[in-house]
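# Remarks on the overall topology
As a plain string of letters, each chain reads:
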Amino acid sequence: MNRKILIVGSSGSIGLAFTKYYSLDPNVERIVTLSRGPTLITDKKIHSISFDYNDEKTYVNIDEILQLESIDKIIIATGMLHESDIKPEKSIYDININSLSKLYKINVFGPMLLIKKLLPLIKKSDAVKIIFLTARVASIADNELGGWYGYRSSKSALNMMIKNLSIELKRISKKHIVIGIHPGTVRSKLSQPFLGHVKHEIFEPKKSVELMGKVIKELVSEDTGKCFDFSGSFIDP
Ligand SMILES: NC(=O)c1ccc[n+]([C@@H]2O[C@H](COP(=O)([O-])OP(=O)(O)OC[C@H]3O[C@@H](n4cnc5c(N)ncnc54)[C@H](OP(=O)(O)O)[C@@H]3O)[C@@H](O)[C@H]2O)c1
């Protein structure tokens, strides 16, 4: 099938697991990765490119991807919940412009500007699946605990961007599909400080990606613009 896949955030736990997963797929011919840190897998199918949403100099590296003849999947597995000076807010008293700006930049603005840059490649491709890693906590309907103002709301904003993008890309080709997917609670740098409180199953990245891989494979055009979880269940935004 000679499929070509772009994975953004391949230095992260879920991004790396996606990279490994598709490297084992005989239908996949080429995987291009964009990441800030190193992608800890080498395979002749994989071509890694350095990229940081916060470093404009690295945006020029995207030009190389535009040389591809076409792309079949774009998986955006980047995201931020905390950093040395950012902690998820427990109360409105904790919000501040520094952390809100950083969270929105990594979770919403960066990914959308990247897609804008990739539009020439998307437009010359027949059917592209664009998959954004979102989070169940972004669901307004599902929010009963409050807190995590910046992370929750940035992912809710991402979900709106996903919907908008799906509408616009449908006008270019009915075969393009854009979705958000919640990976479950997955062991990673991002989730690590909070795993002690989790009562449900914690997935290893490999397990989460195997489940999401099945959902991604079975997507149909009616799914575009929606958000799903790792089991394929629709998430009410
Ligand atoms: N783990 C979970 O339980 C869980 C639950 C719900 C949703 N998610 C979502 O799943 C996605 C992947 O998260 P993960 O669990 O795999 O976390 P992770 O291991 O921390 O991966 C996050 C990725 O984002 C990248 N990133 C952060 N800042 C960046 C920047 N300025 N420029 C470019 N890349 C940057 C990281 O790069 P570095 O490697 O260089 O830091 C890393 O590749 C995120 O969108 C997250 O919100 C995760």
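This text follows the structure it describes.
Residue positions within a chain follow its written sequence, with the count starting from 1. Selection of residues for local features in this predicted model requires a pLDDT of at least 70, selection of side-chain atom pairs for listing and counting requires 80 or more, and totals for whole chains, interfaces and linings are taken over all residues. Excluded from the side-chain calculations are hydrogens and water; all other atoms, namely the structure's heavy atoms, are used.

## Some words on the site of the ligand
Around the ligand there are 29 residues in total, and S11, T78, Y151, S188 and K189 lie nearest to it. Here a polar contact is recorded for every N or O atom pair within 3.5 Å, except that within protein the pair must consist of a potential hydrogen donor and a potential acceptor, and residues adjacent in sequence are included only if both atoms are side-chain atoms. G9 places a main-chain nitrogen or oxygen 3.3 Å from an oxygen atom of the ligand. The separation between an oxygen atom of the ligand and a polar side-chain atom of R36 is 2.8 Å. Among the secondary structure elements, those contributing two or more residues to the shell around the ligand are helix 1 (13-23) and helix 3 (149-172). Residues belonging to the shell around the ligand are distributed by class as follows: 11 nonpolar, 14 polar and four charged. Being near a molecule or strand, for a residue, comes down to having at least one heavy atom within 4 Å of it. A run of DSSP states H or I qualifies as a helix once it reaches four residues; a run of E qualifies as a strand once it reaches two. Both are numbered from the N-terminal end. Polar here means any residue other than Ala, Val, Leu, Ile, Met, Phe, Trp, Tyr, Cys and Pro, which are nonpolar, and Asp, Glu, Lys and Arg, which are charged; Gly is therefore polar.

## What about helix 1?
Each residue's exposure class comes from its accessible area (1.4 Å probe, protein chains only) as a fraction of the maximum for that residue type: buried when under 20%, exposed when over 50%, partly exposed otherwise. Of all 11 residues in helix 1, eight are buried; the element is thus mostly enclosed. Among the residues making up helix 1, those that are buried are I14, G15, L16, A17, F18, T19, Y22 and S23. Here a residue-residue contact requires only that any non-hydrogen atoms of the pair lie within 4.5 Å. For helix 1, the secondary structure elements touched by its buried residues are strand 1 (3-8), strand 2 (28-35), strand 3 (46-50), strand 4 (73-76), strand 5 (129-133) and helix 4 (205-217).

## Some remarks on the sheet that holds strand 2
For sheets, the rule is that strands pair by backbone hydrogen bonds, running either parallel or antiparallel. Strand pairing follows a simple DSSP-based rule, namely that at least 2 bridges must link the two strands. Read across the open sheet, the seven strands follow the order 3-2-1-4-5-6-7; overall the sheet is parallel. The sheet is open, and its two edges are formed by strand 3 and strand 7 (227-229), each paired on a single side. Neighbour-to-neighbour, the strand axes of the sheet open up by a mean angle of 20°, direction not taken into account. For strand 2 and strand 3, the ladder comprises five bridges, and the chain directions are parallel. Among the inter-strand pairings, I31 is bridged to a residue of strand 3, identified as I46. Lying on the sheet, helix 2 (residues 97-123) is in contact with strand 1, strand 2, strand 4 and strand 5; it crosses strand 4 at an angle near 170°. Between N-to-C directions, angles cover 0 to 180 degrees, with each direction set by a line fitted to C-alpha atoms, over the stretch in contact for helices.

## Observations concerning helix 2
Take the number of residues in a helix, subtract one, and multiply by 1.5 Å to get its expected span. The end-to-end C-alpha distance of helix 2 is 36 Å, a good match for the 39 Å that 27 residues give at a rise of 1.5 Å each. The seven residues ending at a residue and the seven starting there each receive a fitted axis; the angle between those axes is the bend at that residue. K105 marks where helix 2 bends most, by close to 50°. The opening residue of helix 2, the one whose side-chain oxygen lies 3.0 Å from the backbone nitrogen of N98, is N96.

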